[in-house]
Amino acid sequence: GEPKMKRKPDARLTLCLVVCLMTFLLMPIGAVAGSISLSYANFPPAPTFPCVQMERWKTEVEKRTNGAVSIKTYPGGTLLGAKEMMDGVIAGQADIGNLCMAYQPGRFIVTNATSLPLGIPNARTGSLVLWDLYKKYQPEAFSQVKVLTMFTTAPANIMSKTAVRSLDDIQGMDLRASGGAAQILKAWGANQVGMPMSATPEALQKGVVQGLFSSLEVMKDLKFAESCKYVTMTDTVIYPFAVVMNMDRWNALPPEVQKVIEDMGTEQAEWTGTYMDQHVKDSMEWSVKEQKVDVIALDAATKKAWDQKLQFITDKWVTDAKAKGFPAEEIVADIQKLTQQYQ
Ligand code: 3IO
């Protein structure tokens, strides 16, 4: 088989050359592979949803710019931590950063209104509502950066080491939450402990907190099901996130690259919400099956009593936000209207 053996590599080489040539000819002018390199910082560990969406965005941007842009991702707070994300991106310590707006409640007033108890039912709806709200109000809080996309978690529930079946059970319990969700824990009588998600595994392990209030995909992604054997279903509020880019780095991008990235804003919000909603289901299936987690549903009367405790929160937010000059009632009405539209 000598002659046969020889023909094979030749054919392959020809094919390779043709493909390379075609790829080169199809590349937009100026698109030299990897000529633009961007860093992307993220605060939680790699298996969590903010990092999964980051990797998806990286892959898509690299593909859609034909390799002109290459993105180096930094999960786990290795480039910027949870609370330094916004200022770090403004200062150019990272080109792009993903932040949870709940960690700075007073800084992102308009967008954090999505974490009022207004009944956003899932992450897909929440993400599309938040992104529309951002585009409509273009809040001053983001004037120093380019916002690439926004998304939310699924609604928060209580994950705890001991069972929470009633308001009595939750009184004085040390539970971790941030931002809008923190106020809700307080309203129910828990001892709310504030910290970013990235600090929570250690706090649970050391016994600083007895549980947390967040979306349930972390039961699997951060293995909380190993210590929190109870989940109380409250489906109360979402946590809002933003992906922001350093303004000078954005302005320096070629227009065709800017277009690829801008065209992905809504798509990435929806992709992340959809991923989150599915992943919550997967996480809870695993938690119940493999980790023997007990899922507690509140009966109608109990749920009503819990919800009643939250009624003052939106009214208080409206009063405070109005005093600061925001069109607070309009913002709340928009969130409600958009929620209806997308759900
Ligand atoms: C979150 C933050 C980082 C990684 C996974 C996460 N799942 C839900 C959140 C929401 C949040 O920021 C928080 O602190 O509960």
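The notes below deal with the structure included here. (Residues numbered from 1 in each chain as written. Predicted model: local features only at pLDDT ≥ 70, side-chain atom pairs only at ≥ 80, totals over all residues. Heavy atoms only, no water.)

1. Looking at empty space enclosed by the protein
For the structure on display, the rule yields one cavity of 30 Å³ or more. If you add up the space inside the largest cavity, you get close to 120 Å³. Contributing to the lining of the largest cavity are 16 residues, with Phe49, Met197, Ser214, Glu217 and Phe241 lying nearest its centre. Residues of the lining of the largest cavity, tallied by class, amount to 10 nonpolar, four polar and two charged. (1 Å grid on protein atoms, 1.4 Å probe; cavity = no way out; pocket = protein on both sides within 12 Å on 5 of 7 lines; lining within 4 Å. Points joined across faces, edges and corners; volume = space filled by probe spheres on them. Nonpolar A, V, L, I, M, F, W, Y, C, P; charged D, E, K, R; others polar.)

2. Focus: the site of the ligand
In the neighbourhood of the ligand, 16 residues make up the surrounding shell, with Cys100, Tyr103, Arg176, Ser214 and Glu217 lying closest. Taking Tyr103, its side chain carries an N or O atom lying 2.6 Å from an oxygen atom of the ligand. One nitrogen or oxygen atom from the side chain of Ser214 is found 2.7 Å from an oxygen atom belonging to the ligand. When the ligand is considered free in solution it has 350 Å² of accessible area, and contact with the protein chains removes 100% of it. Its atoms largely coinciding with the cavity grid, the ligand occupies the largest cavity. Of the residues that constitute the shell around the ligand, the class distribution is 10 nonpolar, four polar and two charged. (Near = heavy atom within 4 Å. Polar contact = N/O pair within 3.5 Å; in protein donor to acceptor, adjacent residues only side chain to side chain. Areas by Shrake-Rupley, 256 points an atom, 1.4 Å probe, with all protein chains shown as cover. Sits in = over half its atoms within 2 Å of the grid points.)

3. What about the layout of surface pockets?
Any empty space left between atoms is shown by rolling a water-sized probe over those atoms. In this structure, the largest pocket encloses a volume near 450 Å³. Around the largest pocket sit 27 residues that line it, and Pro105, Gly179, Gly180, Gln183 and Trp317 are the ones nearest its centre. Secondary-structure elements contributing two or more residues to the lining of the largest pocket are α4 (109–112), α7 (179–188) and α14 (311–323). Of the pockets and cavities examined, the second largest pocket occupies roughly 160 Å³. (Helix = DSSP H or I, 4+ residues; strand = E, 2+ residues; numbered from the N terminus.)

4. What about the sheet that holds strand β11 (residues 294–297)?
A sheet is described by the order of its strands in space; here six strands give the open sequence β7-β6-β8-β5-β9-β11, paired in mixed fashion. Since the sheet does not close on itself, it has two edges, and those belong to β7 (191–193) and β11, each with one partner. For this sheet, the mean inter-axis angle between neighbouring strands, taken without regard to orientation, is 25 degrees. Here strand β6 (residues 174–176) pairs with β7 via three bridges, running parallel. (Pairing = 2+ DSSP bridges. Axes fitted to C-alpha atoms, helices over the stretch in contact; angles between N-to-C directions.)

So, to be careful, I would describe these as geometric facts and stop short of saying anything about function.
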